[in-house]
Number of protein chains: 2
Amino acid sequence: MKSITVLGAGMIGSAIAGDLSRDYNVSVADFDADKLQNISGRYKVEIIAADLLNVDNLNNVIAGADIVVGAMPGFMGFSILRSVINAGKNIVDISFFNENPFLLDQLAKEKNVTAVVDCGVAPGLSNMAVGYHYHLMKVYEFICLVGGLPLIRSMPFQYKAPFSPVDVIEEYTRPARIVENGNIIIKPALSESELIEIDNVGTLEAFNSDGLRTLTETLNIPYMKEKTLRYPGHAAQMQLLKECGFFSRDEIEVKGIKISPMEVTARLLFPLWKYNKGEKDFTYMRMDVKGKAKDKVVHHRYSLFDVCDQSSEISSMARTTAYTCCAVVNLVLNNDFNQIGICPPEYVGGEEKCFKKVLNYLEERNVKVEHEVLSGKESRQEK
Amino acid sequence: MKSITVLGAGMIGSAIAGDLSRDYNVSVADFDADKLQNISGRYKVEIIAADLLNVDNLNNVIAGADIVVGAMPGFMGFSILRSVINAGKNIVDISFFNENPFLLDQLAKEKNVTAVVDCGVAPGLSNMAVGYHYHLMKVYEFICLVGGLPLIRSMPFQYKAPFSPVDVIEEYTRPARIVENGNIIIKPALSESELIEIDNVGTLEAFNSDGLRTLTETLNIPYMKEKTLRYPGHAAQMQLLKECGFFSRDEIEVKGIKISPMEVTARLLFPLWKYNKGEKDFTYMRMDVKGKAKDKVVHHRYSLFDVCDQSSEISSMARTTAYTCCAVVNLVLNNDFNQIGICPPEYVGGEEKCFKKVLNYLEERNVKVEHEVLSGKESRQEK
């Protein structure tokens, strides 16, 4: 039986470990012994408490692995990815890091490593969908709307963080790259908030976030954007905190003490953003891919609406992110996907067989992705 | 010529000093030498740099005064008021302190001192209006709406602080006392936000704040409330910061450092709330006093709409607050008002001659208070 090491025992890492443990020998490594204990009580996995930023520790932890899964908070993601590649191990990574992954492409090729990055739901599944159609038609527009939200709304935030809250704030502060008329345009995160009506969900607001990431480099599509979905009002709240400086990491002096406002904000906000036990979340994603095939305009729409799995206490965000990641882990282990180097998910989706297998893998776990072809009249009306 | 000492050289204190310096020998004391320099450049006043929380300093500063004006931030107000009374000096005070001023009533009577407290625009002028009518009819309802706002609205706050920003936050955190059916009800500050249409101003929002203060004890009126006015949306913003704990003075530990979130918030927010040079403000106050006189329902409405004095660079909040205070300083100096003990402004307004002189004093300075009698049909429609 093949062996997998999952780095990170957080909300998503634990769901990945649980899913993969059905078919593989899985070990999970994290600095946090409590999180590890919690996982080992739920799944048949080996647990390893270790500081993974220490390269020797990391090398020990992954030594026996056939493949590694990276599920660390964004700020540690890039450094750990580099170490894993350096160790010559294949990796599927979901961390939302700031650095450009292609900086490691040459290293990965030298080490003959397959490193799939950004491999969650969005970025992740969204990239696969557009990557899939990119090879079948001349795509001129890609729009992705995505959000993970609590089913029950409570003031003031009507929001809970379904993954590392530090990475949520990253989404609210990192400038968003949009593609307009073939040019990369930088817009502020949280900008261009608009209301969107979604069947069975109601009105949500959508604002710019930096979700395109590698797509701006890998696919030549003149119009692309990703927007994050929240209940209406959230963007203004976050904008307020951001404009006041509460998200700033620059230290300020308060009564002679130097402190970063973000540290104080994290201390106050993150407990309020934590899902309570049994509190239900959902994930909604809509991907619109428009293009021309045989001189006809075709509009493909993928819609994902997923509610948490009450029985196994896995959140919807964990389900959709983890199972997408696990599907790709299987593709790499089974040699279905074997490109060498840094591989963003659009490379995976670009291989028809791989995209179909990912969708099947999700469907087996009851994560349903609806596909519609909207063309002709409907499509023109929408424009 | 009589001598007056003004304690506090802030936005309001300086306007008080300037106004009184036309007719009296005025000295101004403050800890902040820069503020004092600024005042001495504008008005013919003596300046004294001193830490007024030190009782010996304070006694020296007020030794030669015929009357003292207290214009300190709320958190220092009560302690300084006590010291001035202890020194046997009459005082007119505008500080928005938390303590019950009647705790000093016995001391003031022993010292034969007239101490008029809360003597600004609201509390202040508002108390005078209701105090005036209280002796002329059976008042059953008093509602005061009041706010000081920038004429030009800029996001995110659409707000600037026209007096000590620490005291603005006090208004947003101190529980509000309301009188309903003769009972004092405590409601959270910022609660019961409602939209109000005001002629020539537009739509503002009104929310509960603790503005009744002494009125809850001194007047037997079954329904009384004060609400603060802001541009719509402000209450929700403040509520957000409050609920997250950004206004809390309880220390939290951040990376081993103990810090009060309020200190961090003050550091970030207060620079954003500072009026720029030349930035115009206005004050709006509406006081509705309803009662029965000779078995007829009578509804008196006082409306004050005042815009800053561009020529002399005095803000509207400073004009309305300072000139009300100065009017009462004149009443006390001229023996028009000579009640001994702690005297809230409703005692001043309760003397017809005093109320009229205050309105005249304001009118001479172009602060116009419009008085309407709405009765019969209009009044009933409104209910």
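Preceding block: the structure.
Described below are features of the structure shown in this document. (Residues numbered from 1 in each chain as written. Chains lettered and ligands numbered in written order. Predicted model: local features only at pLDDT ≥ 70, side-chain atom pairs only at ≥ 80, totals over all residues. Heavy atoms only, no water.)

Time to look at the overall build of chain A. Counting its regular elements, chain A contains 14 helices and 18 strands. For chain A, whose C-alpha radius of gyration is 20 Å, the value lies close to the compact-globule estimate of 21 Å for 383 residues. By principal-axis analysis of the C-alpha atoms, chain A measures approximately 60 × 55 × 40 Å. Taken over 383 residues, chain A has a buried fraction of 58%. (Helix = DSSP H or I, 4+ residues; strand = E, 2+ residues; numbered from the N terminus. Rg over C-alpha atoms; globule rule 2.2 N^0.38 Å. Buried < 20%, exposed > 50% of the residue type's maximum accessible area, 1.4 Å probe, protein only.)

As a further point, take the interface of chain A and chain B. Residue-level contacts link 25 residues of chain A with 25 residues of chain B. A buried area of about 2300 Å², summed over both sides, lies between chain A and chain B, and 81% of it is on carbon and sulfur atoms. When the buried area of chain A at its contact with chain B is split by residue, Leu240, Phe246 and Leu268 of chain A rank highest and sum to 26% of it. Along the contact surface separating chain A from chain B lie 2 salt bridges. (Contact = heavy atoms within 4.5 Å. Buried area = accessible area lost by both parts, 1.4 Å probe. Salt bridge = Lys/Arg side-chain N within 4 Å of Asp/Glu carboxyl O.)

Moving on, we come to the environment of Thr228 of chain A. All names here are of chain A. As for its placement among the helices and strands, Thr228 is situated in strand S12 (residues 223–230). Classification of Thr228 as buried rests on a relative accessible area of 3%. Separated by 10 residues in the primary sequence, Thr228 and Met238 place their C-alpha atoms 13 Å from one another. If sequence neighbours within four positions are ignored, Thr228 has contacts with Val146, Glu171, Glu205, Ala206, Phe207 and Ser209. Within the structure, Thr228 has its side chain in polar contact with the side chain of Ser209 (distance 2.5 Å). (Polar contact = N/O pair within 3.5 Å; in protein donor to acceptor, adjacent residues only side chain to side chain.)

Bringing the nonpolar core into the picture now. With 211 residues, the main nonpolar core has Ile16 and Trp273 of chain A together with Ile16 and Trp273 of chain B as its most contacted residues. Counting 27 residues, the second-largest nonpolar core is a separate cluster that includes Ile48, Leu58, Val68 and Val113 of chain B. (Core = buried A, V, L, I, M, F, W, Y, C linked by side-chain atoms within 4.5 Å.)

Below, the discussion takes up the packing of helix H1 (residues 11–20) of chain B against helix H11 (residues 316–333) of chain B. All names here are of chain B. With their axes 8 Å apart at the nearest point, H1 and H11 run at an angle of 50 degrees to one another. Classed by the angle they form, the pair H1 and H11 counts as oblique. Considering how the two elements wind past one another, H1 and H11 form a crossing that is right-handed. Contact with H1, carried on its side by Met11, Ile12, Ala15, Ile16, Asp19 and Leu20, involves Met317, Ala318, Thr321, Ala322, Tyr323, Cys325, Cys326, Val329 and Asn330 of H11 and no other residues of that element. Of the residues contributing to the contact of H1 with H11, the split by class is 12 nonpolar, 2 polar and 1 charged. (Axes fitted to C-alpha atoms, helices over the stretch in contact; angles between N-to-C directions. Parallel < 35°, antiparallel > 145°, perpendicular 65-115°, else oblique. Left-handed = near helix turned anticlockwise from the far one by under 90°. Nonpolar A, V, L, I, M, F, W, Y, C, P; charged D, E, K, R; others polar.)

Residue and element names in this part refer to chain A. Together, Leu151, Ile152, Phe305 and Val307 give the surface a local cluster of nonpolar side chains, amounting to about 330 Å² of exposed area. Turning to its location among the elements, Ile152 is positioned in the loop between strand S7 (138–150) and helix H7 (165–173). Classification of Ile152 as exposed rests on a relative accessible area of 63%. (Patch = residues over 30% accessible without salt bridge, like charges linked within 9 Å, V, L, I, M, F, W, Y side chains within 5 Å. Areas by Shrake-Rupley, 256 points an atom, 1.4 Å probe, with all protein chains shown as cover.)

Next up on the list: the side chain of Lys187 of chain A. Residues and elements named next belong to chain A. By the secondary structure assignment, Lys187 is in strand S9 (residues 183–187). Given a relative accessible area of 14%, Lys187 falls into the buried group. Apart from the residues lying within four places of it in its own chain, the contact partners of Lys187 are Pro175, Ala176, Ile178, Glu180, Glu192 and Asn208.

The next thing to look at is the sheet that holds strand S2 (residues 25–30) of chain B. All names here are of chain B. Ordered in space as S3-S2-S1-S4-S5-S6-S17, the 7 strands form an open sheet in which the pairing is parallel. Only two strands of the sheet have a single neighbouring strand rather than two, namely strand S3 (46–49) and strand S17 (341–343). The sheet shows a mean angle of 20 degrees between the axes of neighbouring strands, taken without regard to direction. With 3 bridges joining them, strand S6 (residues 114–116) and S17 adopt parallel strand pairing. Across the sheet, the residue bridging to Ala115 is Ile342, located in S17. Sitting on the sheet, H1 is in contact with strand S1 (3–7), S2 and strand S4 (67–70), with an inclination near 170 degrees to S1. (Pairing = 2+ DSSP bridges.)

Attention now goes to H11 of chain B. All names here are of chain B. Between its first and last C-alpha atoms H11 spans 25 Å; for 18 residues at 1.5 Å apiece the expected length is 26 Å, and the two agree. Along H11, 18 of the 18 residues are buried, which leaves the element largely enclosed by surrounding structure. Backbone geometry just after H11 places Asn335 at a positive phi near 65 degrees. (Expected span 1.5 Å × (residues − 1).)

For the structure on display, the rule yields 19 aromatic pairs over all chains. Each ring, one from Phe282 of chain A and one from Phe305 of chain A, has its centre 5.5 Å from the other, and the planes form 50 degrees; the classification is tilted. Of this pair, Phe282 of chain A sits in strand S15 (residues 281–293) while Phe305 of chain A sits in strand S16 (residues 296–307), placing them 23 residues apart in sequence. One aromatic cluster is present, built from ring pairs that chain together Phe157, Tyr159, Tyr172, Phe207, Phe270 and Trp273 of chain A. Positioned above the aromatic ring of Phe97 of chain B, the side-chain terminus of Arg213 of chain B is 5.9 Å from the ring centre. Taking the ring centre of Tyr361 of chain B as reference, the NZ or CZ of Arg365 of chain B above it sits at 3.7 Å. (Phe/Tyr/Trp six-rings, centres within 6.5 Å; stacked < 30°, edge-to-face > 60°. Lys NZ or Arg CZ within 6 Å of the ring centre and 35° of its normal.)

Applying the stated rule across the entire model yields 38 salt bridges over all chains. Between Arg301 of chain A and Asp288 of chain A there is a salt bridge, with the nearest N and O atoms lying 2.7 Å from each other. Within this pair, whereas Arg301 of chain A is found in strand S16, its partner Asp288 of chain A is found in strand S15, the two being separated by 13 residues in sequence. Residue class for Arg301 of chain A comes out buried when judged on its relative accessible area of 14%. We classify Asp288 of chain A as buried; its relative accessible area is 5%. Residue Glu279 of chain B pairs with Lys160 of chain B through a salt bridge whose shortest N-O separation is 2.9 Å. A residue pair is termed long-range when its members are at least 10 positions apart, and Glu279 of chain B in the loop between helix H10 (261–269) and strand S15 (281–293) and Lys160 of chain B in the loop between strand S7 (138–150) and helix H7 (165–173) qualify at 119 residues. What you see here is one network of salt bridges that share partners, running through Asp19, Arg22, Glu364 and Arg365 of chain A.

What follows covers the packing of helix H3 (residues 55–62) of chain B against helix H4 (residues 74–86) of chain B. Residues and elements named next belong to chain B. Here H3 crosses H4 at 55 degrees, and the two axes come no closer than 10 Å. It follows that H3 is oblique to H4 by the angle criterion. Crossing geometry of H3 relative to H4 is assigned as right-handed. Of H4, the residues touching H3 (which contributes Val55, Leu58, Asn59 and Ile62) are Ile80, Ser83 and Val84.

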